[in-house]
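Each chain is listed here by its residues.
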Amino acid sequence: MARTVTRLSRFNIASLALGLAFLYLPILILVIYSFNGSRLVTVWGGWSLRWYHEFFNDRAMIEAAWMSLRVAAASATLATLLGTLAAVGLARGERFRGRTLFSGMLYAPLVMPEVITGLSLLLLFVALNAERGFWTVTIAHTTLTMCFVAVVVQSRLGSLDRSLEEAAMDLGCDPVRAFLLVTLPLIVPAIVAGWMLAFTLSLDDVVIASFTTGPGSATLPIRIYSEVRLGVKPEINAICTLVVALIAVVIVIASLASKLSSSQGESAAPL
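On a predicted model such as this, the values are computed, not experimentally measured, just so you know.

Parameters and conventions
- Residues numbered from 1 in each chain as written.
- Predicted model: local features only at pLDDT ≥ 70, side-chain atom pairs only at ≥ 80, totals over all residues.
- Heavy atoms only, no water.
- Helix = DSSP H or I, 4+ residues; strand = E, 2+ residues; numbered from the N terminus.
- Buried < 20%, exposed > 50% of the residue type's maximum accessible area, 1.4 Å probe, protein only.
- Contact = heavy atoms within 4.5 Å.
- Phe/Tyr/Trp six-rings, centres within 6.5 Å; stacked < 30°, edge-to-face > 60°.
- Lys NZ or Arg CZ within 6 Å of the ring centre and 35° of its normal.
- Core = buried A, V, L, I, M, F, W, Y, C linked by side-chain atoms within 4.5 Å.
- Polar contact = N/O pair within 3.5 Å; in protein donor to acceptor, adjacent residues only side chain to side chain.

K.L.:
Would you mind going over the overall build of the protein chain with me for this structure?
P.N.:
Looking only at helices and strands, the protein chain features 11 helices and zero strands. In the protein chain, the order of α-helices and β-strands from amino to carboxyl end is α-α-α-α-α-α-α-α-α-α-α. Along the three orthogonal principal directions, the C-alpha set of the protein chain runs to about 70 × 65 × 30 Å. Per-residue burial over the protein chain gives 37% buried out of 271 residues. Expressed as a percentage of contacts within the protein chain between residues at least 6 apart in sequence, the contacts between residues at least 24 apart total 71%.

K.L.:
Would you mind showing me how to read the packing of aromatic side chains here?
P.N.:
Remark: the centre distance and the inter-plane angle together describe each pair of aromatic rings, the angle taken between the planes. Under the criterion given, the structure shown has seven aromatic pairs. With a centroid separation of 6.3 Å and an interplanar angle of 50°, the aromatic rings of Phe35 and Trp47 are classed as tilted. Taken together, the residues Phe35 in the loop between α1 (10-33) and α2 (50-56) and Trp47 in the loop between α1 and α2 connect sequence positions 12 residues apart. Taken together, Tyr33, Phe35, Trp44, Trp47 and Tyr52 form an aromatic cluster joined through their ring pairs. Its guanidinium or amino end placed over the ring of Phe134, Arg70 lies 4.5 Å from that ring's centre, counting from NZ or CZ.

K.L.:
Help me out: how do you make sense of the nonpolar core in this one?
P.N.:
Nonpolar side chains tend to gather and get buried jointly when the protein is soluble and globular. Core analysis: the biggest nonpolar cluster contains 29 residues, and Leu106, Tyr107, Val153, Leu157, Ile187 and Phe199 have the highest contact counts within it. Breaking this core down by element, the ones donating at least two residues are α3 (59-92), α4 (99-111), α6 (134-158), α8 (175-204) and α11 (234-268). Setting aside residues no more than four positions away along its own chain, Phe199 makes contact with Leu69, Ala72, Ala73, Ala76, Ile247 and Val250. With eight residues, the next largest nonpolar core counts Ala64, Leu220, Ile224 and Ile236 among its residues.

K.L.:
I would appreciate a short explanation of the side chain of Asn36 in the present structure.
P.N.:
For Asn36, the location among the structural elements is in the loop between α1 and α2. Here the side chain of Asn36 touches Ser38 through a polar contact of 3.2 Å, landing on its backbone nitrogen. What Asn36 contacts, discounting residues up to four positions off in sequence, is Val41, Val43, Trp44, Gly45, Gly46, Ser48 and Trp51.

Following this line, the structure appears as structure tokens:
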């Protein structure tokens, strides 16, 4: 069968360029102005690392950034573990009673406004007399991001050939060992993608964190939001540029890990 080669027309190229410009031009401008030596955000004063120096000397910002990274890493790890288990239960337990109810409750945060989720968690923590801080924000972000991980992992499980797992059990593996040796290596790319998605969602959240955080435990987005309300400082551009760089590094590392695990899983699958 002859392959049909579709060439990009000028209209397609222009549409692609406009779409990429709409997405990334504001970020590019922010990165450029983070090296602006002027105190005024809209006035170019030459290239300078002044505002990066200001950021690393701002103790409150550093503590907020460290808080955000800790919360994002912890909540992403918990969400990945729980979301993967939930996805396996939904994909492999087609007949258990209450599956529809469980699925609806799991995916509810996908469509529920964050204000409602944040307020509900706030009332829960108040009722439990829990001190709001690192763990309350982590639990809240785990609740938010777990459903995203479950969606990603369940879609990967749905596309797998279950005969590989069944063949492993026919050769003497129990269901748990067959899952660990056959299925898990094949879904690792989806698990990594789910962790990365959960990490970025937690790092970006403002609404839910504002309900569940306490004194001295503000995350970086909350800190930036409080600063921006009084006017955009050039230091904010530097902070946002560092966050963009961090997310880029996380994406590259996750992509490399996903490709490596995928190649290893595919090479091990025939065995």
